[in-house]
Amino acid sequence: MPKMYDLERPIMDCWNIINDLETVFRQVGDGERMPTEDELMNALMGIRQLYDWKFEQLFDLYEAVMREQRKDIQEYIRPMSQDETQRAKERAKANSLTTCVSCNSPSASDFCSFCLNEE
C-alpha cells in the first residue's frame, strides 16, 4: 500500500535531470574534447528515455497512492438514501436561479436586485 510520502524519493530523482543536463553542457562547453554529433545525440536520447521511464514510474506510483487514499475515504462515505436524494433534488430546484427579464443576469426572481433598485 503506497502512501503519499512514498512519492518524495521518485520526485527528487526526477530533479536529477538538471544535474545530467549540466554534465552534458560542461562536456560540450568546457570538456577536453568536443563530443561527436553521434555521442551527443546518443547521450540526449538516453537521457530522454531514462526520464521518460522515471516520470512514467512516478505517475504510476502517484495513481496507486490516489487509489489507496480513495479506498481510505470510501469507508466513511455511504450512498444517499432515496429520501436524501429527493431532498437534494428539491434543494437544487429551489436554489436554481432564473434570468432577469431586464438585463438577463442570473437572479432568484424575475428581476435582479440591481434592476429593481434602478427602476
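In short, a report on the structure. (Residues numbered from 1 in each chain as written. Predicted model: local features only at pLDDT ≥ 70, side-chain atom pairs only at ≥ 80, totals over all residues. Heavy atoms only, no water.)

## Overview of the overall build of the protein chain
1) Next: Assigned secondary structure in the protein chain consists of five helices and two strands.
2) Next: Secondary structure elements of the protein chain occur, N-terminal to C-terminal, as α-α-α-α-β-β-α.
3) Next: What you see for the protein chain is a C-alpha radius of gyration of 29 Å, clearly larger than the 14 Å of a compact globule of 119 residues, by over 25%.
4) Next: With respect to the principal axes defined by its C-alpha atoms, the protein chain has extents near 80 × 45 × 20 Å.
5) Next: Expressed as a percentage of the 119 residues in the protein chain, the buried residues total 13%.
6) Next: Here the analysis covers contacts within the protein chain between residues at least 6 apart in sequence; of these, 47% occur between residues at least 24 apart. (Helix = DSSP H or I, 4+ residues; strand = E, 2+ residues; numbered from the N terminus. Rg over C-alpha atoms; globule rule 2.2 N^0.38 Å. Buried < 20%, exposed > 50% of the residue type's maximum accessible area, 1.4 Å probe, protein only. Contact = heavy atoms within 4.5 Å.)

## As for the nonpolar core
1) Next: Ranked by size, the top nonpolar core spans five residues in total: Leu7, Cys14, Leu58, Val65 and Met66.
2) Next: Top element by residues in this core is helix H3 (residues 37–74). It accounts for three residues.
3) Next: Residues in contact with leucine 58, not counting those within four places in the same chain, are Leu7, Pro10, Ile11 and Cys14. (Core = buried A, V, L, I, M, F, W, Y, C linked by side-chain atoms within 4.5 Å.)

## A look at the environment of aspartate 52
1) Next: Inspection of the secondary structure puts aspartate 52 in helix H3.
2) Next: On a C-alpha basis, the gap between aspartate 52 and cysteine 14 in space is 9.7 Å, while along the polypeptide they are 38 residues apart.

## Things to note about the pattern of salt bridges
1) Next: Tallied over the entire structure, the rule returns four salt bridges.
2) Next: Taking the shortest distance from any N to any O, the salt bridge between arginine 33 and glutamate 39 comes out at 2.8 Å.
3) Next: Judged by relative accessible area, glutamate 39 falls into the partly exposed class, the value being 34%.
4) Next: For glutamate 84, the salt bridge is made with arginine 78, and the minimal N-O distance between the two is 2.8 Å.
5) Next: Exposure remark for glutamate 84: the relative accessible area of 21% places this residue in the partly exposed category. (Salt bridge = Lys/Arg side-chain N within 4 Å of Asp/Glu carboxyl O.)

## Quick look at the packing of helix H2 (residues 16–30) against H3
1) Next: In the contact formed by H2 and H3, the axes pass within 11 Å of each other and the chain directions differ by 175°. Classed by the angle they form, the pair H2 and H3 counts as roughly antiparallel. In contact with Asn16, Ile17, Asp20, Val24 and Val28 of H2, H3 contributes Leu40, Leu44, Ile47, Tyr51 and Lys54.
2) Next: Per-class residue counts for the contact of H2 with H3 are seven nonpolar, one polar and two charged. (Axes fitted to C-alpha atoms, helices over the stretch in contact; angles between N-to-C directions. Parallel < 35°, antiparallel > 145°, perpendicular 65-115°, else oblique. Nonpolar A, V, L, I, M, F, W, Y, C, P; charged D, E, K, R; others polar.)

## Topic: the packing of aromatic side chains
1) Next: Inspection of the entire model under this criterion finds two aromatic pairs.
2) Next: Judged by centre distance (6.4 Å) and plane angle (50°), the rings of tyrosine 51 and phenylalanine 55 are tilted. Residue tyrosine 51 and its partner phenylalanine 55 are both found in helix H3; the two are separated by four residues, about one turn of the helix.
3) Next: Considering the side-chain rings of phenylalanine 59 and tyrosine 62, the 5.8 Å spacing of their centres and the 35° angle between planes classify their relative orientation as tilted. With phenylalanine 59 and tyrosine 62 both in helix H3 and three residues apart, this pair spans about one turn of that helix.
4) Next: Take tyrosine 62: its relative accessible area is 36%, and that puts it in the partly exposed class. (Phe/Tyr/Trp six-rings, centres within 6.5 Å; stacked < 30°, edge-to-face > 60°.)

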